[in-house]
Amino acid sequence: MNAVGRLHHLEDLEPSTEEFRQSVVAGLSTRQKTLPCKFFYDVEGSRLFDQICDLPEYYPTRTECGILEDKAGEIAAALGPQARIVELGSGAGIKIRLLLAALDRPAAYVPVDISREHMVAAATDLSRTFPDLRITPVCADYTKPFALPAVPGITPRVTSGFFPGSTIGNLTPTEAVSFLGRMRRLLGPDSAMVIGVDMPKERSVLEAAYDDAAGVTAAFNLNLLHRINRELGADFEIAGFAHRAYWNEEQSRIEMHLVSLARQTVRVGDRQFAFDADETIHTENSYKYSIEDFRALAVRAGYRPDEVWTDRQALFSVHLLRATEPA
Ligand SMILES: C[S@@+](CC[C@H](N)C(=O)[O-])C[C@H]1O[C@@H](n2cnc3c(N)ncnc32)[C@H](O)[C@@H]1O
């Protein structure tokens, strides 16, 4: 653990380049080629994601922020005083500010993110607004085991996860159940979870949110190929691929793909991968849940669904879950 500026410690479990290489090779070796969306987030990917959040088509960020602005007082009251908040996929750390400002003497804040520089910059910024808050960032892939940092001298009265942005939707429902179960065990028997979940809606609204007119989401998707070229010495011809996003209604998910525009071969280190024209790499899923379906999923993960808040148009939901004993 290292001291980082005004932060107390940085626990650094960033995935290695070798793990990245193995995931890329494994993903490109299957019949439907895939790449894990967690690797979108290098410095450039995180910067592009922040731009996406400001796009007119990208309703989730402004809608969830609106819910948090209106309901932070109720969420804070439900969590109680001296809470320790563990934020999963904390990113730019905008939404946590709304919650922290409403909480009664928050005890500690633990941002967890795979994108190290971006997270440290956001946490450093946050420490200027909340100078008395103990902030102990963890750079980790949260789908792998990690421990919560000890904070000597601090005894939180409750621990709550905070998982905004509908990032839970990047996991399949089965993965989401096992992930939430793992988080429940990590956070402890009386913990809570505040989680933002996007809801199904018209195809046109959903598809525009993931394929904006300015092409920022396309750049975000294609940045994954740039990253593979930069970090793994691959030779993806970026102009030979295009961004594609569509609503798969049957699965209740947006799928993002990179489409090969021609028959071509790509080298990643000493491996070669052949692409047919129009063959795709599946890069991200973004599952959308109705309130009832998400509450049922939470129960399967050992949570008792408590309150849920939504916006007037019912675009997005914020759920409060309470840990229960495993079923
Ligand atoms: C969709 S963005 C959401 C960012 C922010 N929470 C928000 O609501 O705007 C996903 C965030 O989770 C992080 N992330 C994605 N996969 C991750 C993983 N497996 N482990 C840790 N962080 C991850 C990304 O770096 C990014 O900051």
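Everything here concerns the structure above.
This section reports on the structure supplied with the text. (Residues numbered from 1 in each chain as written. Predicted model: local features only at pLDDT ≥ 70, side-chain atom pairs only at ≥ 80, totals over all residues. Heavy atoms only, no water.)

1. Regarding the packing of helix α3 (residues 59–79) against helix α4 (residues 95–102)
So, step 1. In the contact formed by α3 and α4, the axes pass within 8 Å of each other and the chain directions differ by 15°. Here α4 runs roughly parallel to α3, going by the angle between their axes. Like other packed secondary-structure pairs, α3 and α4 cross with a definite hand, here right-handed. Where α3 abuts α4, its residues Thr61, Glu64, Cys65, Leu68, Glu69, Ala72, Gly73, Ile75 and Ala76 lie against Lys95, Leu98, Leu99 and Ala102.
So, step 2. Taken together, the residues that form the contact of α3 with α4 break down as 8 nonpolar, 2 polar and 3 charged. (Axes fitted to C-alpha atoms, helices over the stretch in contact; angles between N-to-C directions. Helix = DSSP H or I, 4+ residues; strand = E, 2+ residues; numbered from the N terminus. Parallel < 35°, antiparallel > 145°, perpendicular 65-115°, else oblique. Left-handed = near helix turned anticlockwise from the far one by under 90°. Contact = heavy atoms within 4.5 Å. Nonpolar A, V, L, I, M, F, W, Y, C, P; charged D, E, K, R; others polar.)

2. Considering the pairing of strand β13 (residues 271–275)
Regular strands place side chains that alternate from one sheet face to the opposite one.
So, step 1. Examined bridge by bridge, strand β12 (residues 264–268) and β13 share 5 bridges and lie antiparallel to one another. Across the sheet, the residue bridging to Gln264 is Phe275, located in β13.
So, step 2. Connecting the antiparallel pair β12 and β13 is a turn made up of 2 residues, with Gly269 showing a positive phi of about 60°. (Pairing = 2+ DSSP bridges.)

3. Focus on α4
So, step 1. Buried residues of α4: Lys95, Ile96, Leu99 and Leu100, and no others. Each buried residue of α4 sits inside an arc of 125° when the element is viewed along its axis, so together they form one side.
So, step 2. In the core, the buried residues of α4 are packed alongside α3, β4 (83–88), β5 (108–113), α5 (116–129) and β8 (158–163). (Buried < 20%, exposed > 50% of the residue type's maximum accessible area, 1.4 Å probe, protein only. Arc of directions from axis to C-beta.)

4. So, the nonpolar core
So, step 1. One finds Leu28, Leu225, Ile228, Phe236, Phe241, Val268 and Ile281 to be the most contacted residues of the largest nonpolar core, which totals 68 residues.
So, step 2. In terms of residue count, helix α8 (residues 216–232) provides more of this core than any other element does, 7 residues in total.
So, step 3. Residue-level mapping places this core at the junction of two domains, with at least three residues from each of domain 1 (32–55 + 202–287) and domain 2 (57–201 + 288–323).
So, step 4. Dropping the residues within four chain positions of it, Ile281 is found in contact with Leu28, Gln32, Lys33, Thr34, Leu35, Leu225, Phe236, Phe241, Met256, His257, Leu258 and Phe275.
So, step 5. Counting residues in each nonpolar core, the second largest holds 30 residues, with Tyr142, Ile168, Met193 and Ala298 among its members. (Core = buried A, V, L, I, M, F, W, Y, C linked by side-chain atoms within 4.5 Å. Domains from an automatic or database assignment.)

5. Concerning the sheet that holds strand β14 (residues 280–287)
So, step 1. Read across the open sheet, the 4 strands follow the order β3-β14-β11-β10; overall the sheet is mixed. Edge positions in the sheet fall to β3 (33–34) and β10 (241–248), since each of these pairs with one other strand and no more.
So, step 2. Bridge count for β10 against strand β11 (residues 253–260) is 8 bridges, and the pairing is antiparallel. Counterpart to Asn248 in the pairing with β11 is Arg253.
So, step 3. Packing of α8 onto the sheet brings it into contact with β10, β11 and β14, and relative to β11 it is tilted by some 60°.

6. A look at the site of the ligand
So, step 1. In the vicinity of the ligand lie 16 residues, with Gly89, Lys95, Asp113, Asp141 and Tyr142 positioned nearest.
So, step 2. Within the side chain of Asp141, one N or O atom sits 2.9 Å away from a nitrogen atom of the ligand.
So, step 3. The residue makeup of the shell around the ligand, split by class, is 6 nonpolar, 6 polar and 4 charged.
So, step 4. The two domains that each donate at least three residues to the shell around the ligand are domain 1 (32–55 + 202–287) and domain 2 (57–201 + 288–323). (Near = heavy atom within 4 Å. Polar contact = N/O pair within 3.5 Å; in protein donor to acceptor, adjacent residues only side chain to side chain.)

7. Considerations on the state of the cysteines
So, step 1. Summed over all chains, the structure comprises 0 disulfides.
So, step 2. With no disulfide of its own, Cys37 lies closest to Cys53 among cysteine sulfurs, the gap being 14 Å.
So, step 3. Here Cys37 falls in the buried class, since its relative accessible area comes to 16%.
So, step 4. The structure places no disulfide on Cys65, whose sulfur is separated from the nearest cysteine sulfur, that of Cys53, by 8.2 Å.
So, step 5. The buried category is assigned to Cys65, whose relative accessible area is 12%. (Disulfide = S-S within 2.5 Å.)

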